[in-house]
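Fold and geometry: a report
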Amino acid sequence: MKGKPILPPVYFSATYQFDCTDDLVDVVQNRTGFIYSRWDNPTVFEVEKILANLEGYDNAIGFGSGMSAITTTILTLINKNSRIITVRETYGGTFAFINKLLPKLGIQTIDVNCDDIDTLKAEIKKGATILYLETPTNPLLKVIDVKPLADLAHKNDIIVILDSTFASPINQRPMELGVDITIHSATKYLGGHHDITAGFVCCQKEYFELIWDCRRVMGGILDPMTAYLVARGLKTLEIRVLRQNENAIKIAKFLSKHKKVEIVHYPGLPSSPYYEIAKRQMKGFGGMLSFEIKSDFEGTKRFVDNLKFIKIATSLGGVSTLATQPVTNTHVGLSEEERKKSGISDSLVRISVGVENPDLIIDDIKQALDKV
Ligand SMILES: Cc1ncc(COP(=O)(O)O)c(C=O)c1O
């Protein structure tokens with residue numbers, strides 16, 4: 001047949017047939033092929049290779065969600081005597097897993113405000129199994145200076161894990177900062193179209209076998225169709241993210257001059273306390289920003305409710321611009337005191353900037369601010 005498909009097939013097969021038992025045994029013992037799709041799948045394998053290459057690691061391991069990637073990785077690496085140091089600003093699901101679930105198993109966990117570098121360093125010097133970081137953070141877009149912390153962690157035999165979801169592989173290369181294991185919720189920028197949930201772990205060979213084996217046991221692998229959609233998303237990742245970076249800068253500048261806006265949290269603004277670190281550490285400042293409106297809970301809700309072009313939705317990193325008031329969803333579980341401590345005010349709005357014409361986004365924000 002002339003004319004080959006330009007796209008690879010999606011392998012839906014749950015199991016794989018062999019010419020003889022010796023071949024099957026070879027695959028079981030030496031991983032020379034595929035045997036069962038909870039272990040591995042050709043479509044998943046292809047997208048893992050692409051992502052590993054993009055992040056600069058030997059391997060990537062795919063999961064059905066970012067949380068599955070995170071929980072499987074941590075459970076792989078700990079034992080009953082483990083100690084985990086994490087930053088307080090981690091994603092809510094990660095925070096709950098590390099600081100609420102793991103202590104039930106006797107694991108010692110310590111969370112430190114990511115701006116409190118002295119305490120972070122002091123905790124690292126005490127020793128731990130894992131230093132778990134996330135940068136930029138949600139929803140205040142704080143940027144952690146990773147390299148010095150990773151270097152100190154390595155001196156103390158600590159494995160460094162970083163959730164790089166907010167940056168995407170286009171804006172940040174954690175491997176170059178000394179990070180041992182980089183995690184992405186592919187639900188966000190990697191997929192990029194608001195239509196999948198998936199997660200990936202990127203690492204060198206020494207961790208790959210262990211995490212891969214734990215994925216096989218715990219069953220968190222993503223399905224072949226989702227793997228195909230991630231591979232499709234990755235084809236446009238760079239152009240999407242570059243556009244989102246450009247759009248976000250324009251929006252952040254517009255907001256920072258608006259009389260109804262108290263403060264804009266965006267590491268790409270020279271006024272941001274994280275500007276210098278971000279400039280050094282990141283290749284682009286990203287498509288996420290947040291800002292506080294000079295109003296109360298109701299006034300801020302009115303702003304969000306009056307958005308017409310921008311969609312009210314949680315999640316992030318896709319082609320469409322989304323807005324949320326974090327106290328109504330992602331941070332609804334925090335007490336008033338915890339919110340104050342985390343700097344999440346009633347008047348905070350988070351925007352995940354999409355790839356649309358920036359004038360349409362800015363016009364929408366402008367008209368909604370007029371209603372506050
Ligand atoms: C930074 C970050 N990490 C991890 C996750 C969890 O990913 P998922 O929802 O794909 O499980 C999220 C989800 O919002 C996130 O924002």
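Conventions used here
- Residues numbered from 1 in each chain as written.
- Predicted model: local features only at pLDDT ≥ 70, side-chain atom pairs only at ≥ 80, totals over all residues.
- Heavy atoms only, no water.
- Helix = DSSP H or I, 4+ residues; strand = E, 2+ residues; numbered from the N terminus.
- Rg over C-alpha atoms; globule rule 2.2 N^0.38 Å.
- Contact = heavy atoms within 4.5 Å.
- Areas by Shrake-Rupley, 256 points an atom, 1.4 Å probe, with all protein chains shown as cover.
- Lys, Arg positive; Asp, Glu negative; His and termini not counted.
- Charge placed at Lys NZ, Arg CZ, Asp CG, Glu CD.
- Buried < 20%, exposed > 50% of the residue type's maximum accessible area, 1.4 Å probe, protein only.
- Core = buried A, V, L, I, M, F, W, Y, C linked by side-chain atoms within 4.5 Å.
- Domains from an automatic or database assignment.
- Near = heavy atom within 4 Å.
- Polar contact = N/O pair within 3.5 Å; in protein donor to acceptor, adjacent residues only side chain to side chain.
- Nonpolar A, V, L, I, M, F, W, Y, C, P; charged D, E, K, R; others polar.
- Arc of directions from axis to C-beta.
- Pairing = 2+ DSSP bridges.
- Axes fitted to C-alpha atoms, helices over the stretch in contact; angles between N-to-C directions.
- Buried area = accessible area lost by both parts, 1.4 Å probe.
- Salt bridge = Lys/Arg side-chain N within 4 Å of Asp/Glu carboxyl O.

1. Quick look at the overall build of the protein chain
- In terms of helices and strands, the protein chain carries 14 helices and 12 strands.
- Relative to a compact globule of 372 residues, whose C-alpha radius of gyration would be 21 Å, the protein chain shows 21 Å and is just as compact.
- Oriented by its inertia axes, the alpha-carbon framework of the protein chain measures out at about 75 × 60 × 35 Å.
- For the protein chain, the share of sequence-separated contacts (at least 6 apart) that also reach a separation of at least 24 residues comes to 72%.
- Total accessible area on the protein chain is roughly 16,800 Å²; 54% of this is exposed by carbon and sulfur atoms.
- Of the side chains in the protein chain, 44 bear a positive and 44 a negative charge, and the two mean positions are spaced by 4 Å.

2. Here we look at the side chain of Ser-347
- Here Ser-347 is to be found in the loop between α13 (336-342) and β12 (348-352).
- Under the relative-accessibility criterion, Ser-347 is labelled buried at 8%.
- Dropping the residues within four chain positions of it, Ser-347 is found in contact with Phe-291, Glu-292, Ile-293, Ser-295 and Thr-300.

3. A word on the nonpolar core
- Within the largest apolar cluster, 49 residues are counted, with the highest numbers of intra-cluster contacts made by Ile-124, Leu-131, Leu-133, Leu-190, Phe-200 and Val-230.
- Residue contributions to this core peak at 6 residues, all from helix α9 (residues 224-235).
- Mapped onto the domain boundaries, this core takes at least three residues apiece from domain 1 (21-235) and domain 2 (238-370).
- Every residue in contact with Ile-124, bar those within four places of it in the chain, is listed here: Ile-85, Leu-131, Leu-149, Leu-152, Ala-153, Asn-156 and Ile-158.
- Formed by 33 residues, the second largest nonpolar core is a distinct cluster that contains Ala-252, Val-264, Phe-303 and Leu-369.

4. Re the site of the ligand
- With respect to spatial proximity, 13 residues lie near the ligand, and among them Gly-66, Asp-163, Ser-185, Thr-187 and Lys-188 are the closest.
- Within the contact set of the ligand, an oxygen atom lies 2.8 Å away from a side-chain nitrogen or oxygen of Ser-185.
- Take Lys-188: an N or O atom from its side chain is 2.8 Å from an oxygen atom of the ligand.
- Across the complex, the protein chains shield 88% of the 390 Å² of accessible surface that the ligand would expose by itself.
- Considering every element that reaches the shell around the ligand, the biggest residue donor is helix α3 (residues 66-77), with 3 residues.
- Of the residues in the shell around the ligand, the class split is 5 nonpolar, 5 polar and 3 charged.

5. A look at helix α4 (residues 92-101)
- For α4, the full list of buried residues reads Thr-94, Phe-97, Ile-98 and Asn-99. For α4, the arc enclosing every buried residue in end-on projection is 160°, short of the 170-degree limit, so these residues lie on one face.
- Contacts made by the buried residues of α4 are with α3, β2 (83-87), β3 (108-112) and β4 (130-134).

6. Quick word on the sheet that holds strand β10 (residues 311-312)
- In space, the 5 strands of this open sheet follow the order β8-β9-β12-β11-β10, with mixed pairing throughout. Only two strands of the sheet have a single partner each, and these edge strands are β8 (261-265) and β10.
- Examined bridge by bridge, strand β11 (residues 322-324) and β12 share 3 bridges and lie antiparallel to one another. Across the sheet, residue Thr-324 finds its bridge partner in β12, namely Arg-350.
- Contacts from helix α10 (residues 237-256) reach β8 and β9 (288-293) within the one sheet, and its direction differs from that of β9 by about 10°.
- Packed onto the sheet, helix α12 (residues 297-305) meets β9, β10 and β12 and runs at close to 25° relative to β12.

7. Things to note about the domain arrangement of the protein chain
- Taken domain by domain, the protein chain consists of domain 1 (21-235) and domain 2 (238-370).
- Taken together, the contacts link 33 residues of domain 1 with 36 residues of domain 2.
- Taking both sides of the interface into account, the surface hidden between domain 1 and domain 2 amounts to around 2,800 Å²; carbon and sulfur atoms contribute 59%.
- Our enumeration of links across domain 1 and domain 2 arrives at 2 salt bridges.
- Between Arg-280 and Asp-145 there is a salt bridge, and its shortest N-O distance comes to 2.8 Å.
- Run the count over domain 1 and domain 2 and you get 15 residue pairs in polar contact (both at pLDDT 80 or more).
- Within the residue set of the side of domain 1 that touches domain 2, elements represented by two or more residues are α6 (146-155), α7 (168-171) and α9.
- When residues in the side of domain 1 that touches domain 2 are grouped by element, the largest group, 3 residues, is from α7.
- Tallied by class, the residues present in the side of domain 1 that touches domain 2 amount to 14 nonpolar, 11 polar and 8 charged.

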